[in-house]
Amino acid sequence: MISVREVDPFDEPTFGSWYDAFHAAAVDQRPAAVVANREALTFSLQNPGPAKRRIPVGAFDGDRLVGAMLFEYPLIGDPDTVEVEIDVPPAERRRGAGTMLWRWATARAAELGRTIFQAELGVPATSDPWPGSAFAAGLGFTIGNIEDHFVVPLPYDADRLAQLTKDAGDLTGYRLTSWAGPCPEEHLQAYADLRTAMDLDVPSGEMTRHPEPWTVERLRPNEERMAKNYLALVTMAHTTDGTPAGYTLIYLMPGDPDNALQDDTLVLRDHRGHNLGTHLKLANLTQLADHRTTQTLLHTWTAQSNTPMQKVNTRFGFTFAEELHELERHAPGATE
Ligand SMILES: CC(C)(COP(=O)(O)OP(=O)(O)OC[C@H]1O[C@@H](n2cnc3c(N)ncnc32)[C@H](O)[C@@H]1OP(=O)(O)O)[C@@H](O)C(=O)NCCC(=O)NCCS
């Protein structure tokens, strides 16, 4: 008989089993999976931030934890959505644990008055039906957006970097500024504006997204919170007269010795067509070489519809690892 309850992130043995199940299920048959590392997730759950409520939930067979769910909902923007990640380790599957966790999620969402469920699914190239896809389709989820997940080995090939730099030529009309850690005070407003533009511009297909604009007041505490578990490496572009034009962001995580994440890259519309995306990435890869420790893979995610960024990724030697499916399901009768 499977029962479901919230897990206390301060209850070390139970939370430890919860994380083990969460991790084991999420990496199964996915060689390039990137899963929130234990240190970062524990910090986040023990120290709730202002932007998101995150609840770890466990499915138990007696005392044994047989499934893990992370149930989340934004507290800023998107008042109707919840995100679920349901993870049942391979040995515990097809006994209803996933379904029991889902029932908990629908009951809690109803209490909160939230009607839109979202989930993300890493789907490797496989000829077999992918368990997560079959499970989610059965619950009524549909695919709202597909991104390709790419990887490139680290340390980044120095010859390739030199050749790409040569091919990119001189950057005229712009200057680049790089930093590691919090944004320097003088760039903070521009960085907040660029982060807002990124949220609005990133292709998100049919997914429901109403991001709140970034302000300096919100960005600074967010950076401080992130800095506990992530080192941000940023390169920003300005025109020579000082107008912000774009940025790119890589994260290193002390709690994950293997993976580095190439996160946002944005060139504002007025500044596209000058090879700025390439120059930004080159400068940030140079900065990555100075800060990398043991990481052996750099990951990035790009919408299949985003032809320009797909081209840049290919040029930089990224290869396909798996698809990331963004899924959505509206509660019956809900409108959006
Ligand atoms: C997807 C996952 C959570 C399912 O957990 P589970 O405990 O096996 O789920 P259930 O036993 O409740 O399965 C419910 C239904 O989903 C469908 N399903 C689940 N796994 C399936 C598979 N491998 N092939 C086909 N259908 C499957 C079936 O319809 C199943 O009902 P049935 O067993 O009566 O046929 C689990 O495989 C997993 O953790 N995968 C990795 C993470 C993930 O993809 N999570 C989903 C995104 S939120």
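- If you check an unreviewed UniProt entry, the protein chain appears there as GNAT family N-acetyltransferase from Kribbella lupini.

1. With respect to the site of the ligand
Here is step 1 of the chain: Near the ligand, the surroundings consist of 18 residues, among which Ile-86, Val-88, Arg-94, Gly-98 and Thr-99 are the closest.
Here is step 2 of the chain: At a separation of 2.9 Å, an oxygen atom of the ligand approaches a polar backbone atom of Gly-96.
Here is step 3 of the chain: In this structure, an oxygen atom belonging to the ligand sits 2.5 Å away from a side-chain N or O atom of Thr-99.
Here is step 4 of the chain: Its free accessible area being 910 Å², the ligand has 74% of it covered by the protein chains.
Here is step 5 of the chain: Those elements that provide at least two residues to the shell around the ligand are β4 (81–87), α3 (97–112) and α4 (131–139).
Here is step 6 of the chain: Split into classes, the residues belonging to the shell around the ligand amount to nine nonpolar, four polar and five charged.

2. Points about the sheet that holds strand β10 (residues 259–267)
Here is step 1 of the chain: Spatially, the 12 strands line up as an open sheet ordered β1-β2-β3-β4-β5-β12-β6-β11-β10-β9-β8-β7, and their pairing is mixed. This sheet does not close on itself; its edge strands, each paired only once, are β1 (2–6) and β7 (174–180). Within this sheet the neighbouring strands show an average axis-to-axis angle of 25°, counted without direction.
Here is step 2 of the chain: Set on the sheet, helix α2 (residues 38–46) makes contact with β2 (52–61) and β3 (64–74); between it and β2 the angle comes to about 110°.

3. So, the nonpolar core
Side chains of nonpolar character tend, in soluble globular proteins, to be buried together.
Here is step 1 of the chain: Grouped together as the largest cluster of nonpolar side chains are 26 residues, with contacts concentrated most on Val-57, Met-69, Phe-71, Val-84, Trp-102 and Phe-141.
Here is step 2 of the chain: Among the secondary structure elements, those contributing two or more residues to this core are β2, β3, β4, α3, β5 (116–123) and α4.
Here is step 3 of the chain: If one sorts the elements of this core by residue count, α3 sits on top with six residues.
Here is step 4 of the chain: Filtering out sequence-adjacent residues up to four positions away, Trp-102 remains in contact with Val-84, Ile-86, Phe-117, Leu-139, Phe-141 and Arg-329.
Here is step 5 of the chain: Leu-188, Tyr-191, Ala-192 and Met-198 belong to the second-largest nonpolar core, a separate cluster that totals 20 residues.

4. Digging into the layout of surface pockets
Here is step 1 of the chain: Roughly 150 Å³ of internal volume is contained in the second largest pocket.
Here is step 2 of the chain: As for the second largest pocket, its lining consists of 13 residues, and the residues nearest its centre are Tyr-19, His-23, Val-35, Asn-37 and Asp-256.
Here is step 3 of the chain: A per-class count over the lining of the second largest pocket returns seven nonpolar, four polar and two charged.
Here is step 4 of the chain: In this structure, the lining of the second largest pocket is formed jointly by two domains, domain 1 (2–114) and domain 2 (151–320), each of which donates at least three residues.

5. With respect to the UniProt feature "domain: N-acetyltransferase" (unreviewed entry) in the protein chain
Here is step 1 of the chain: UniProt tags residues 2–159 and 186–336 as "domain: N-acetyltransferase" (unreviewed entry).
Here is step 2 of the chain: End-to-end, the C-alpha atoms of residues 2–159 are 55 Å apart, and along that stretch the chain is 33% helix and 34% strand.

Thresholds, definitions, all that
- Residues numbered from 1 in each chain as written.
- Predicted model: local features only at pLDDT ≥ 70, side-chain atom pairs only at ≥ 80, totals over all residues.
- Heavy atoms only, no water.
- Near = heavy atom within 4 Å.
- Polar contact = N/O pair within 3.5 Å; in protein donor to acceptor, adjacent residues only side chain to side chain.
- Areas by Shrake-Rupley, 256 points an atom, 1.4 Å probe, with all protein chains shown as cover.
- Helix = DSSP H or I, 4+ residues; strand = E, 2+ residues; numbered from the N terminus.
- Nonpolar A, V, L, I, M, F, W, Y, C, P; charged D, E, K, R; others polar.
- Pairing = 2+ DSSP bridges.
- Axes fitted to C-alpha atoms, helices over the stretch in contact; angles between N-to-C directions.
- Contact = heavy atoms within 4.5 Å.
- Core = buried A, V, L, I, M, F, W, Y, C linked by side-chain atoms within 4.5 Å.
- Buried < 20%, exposed > 50% of the residue type's maximum accessible area, 1.4 Å probe, protein only.
- 1 Å grid on protein atoms, 1.4 Å probe; cavity = no way out; pocket = protein on both sides within 12 Å on 5 of 7 lines; lining within 4 Å.
- Points joined across faces, edges and corners; volume = space filled by probe spheres on them.
- Domains from an automatic or database assignment.
- UniProt positions renumbered as here; feature names shortened; annotations may be inferred.

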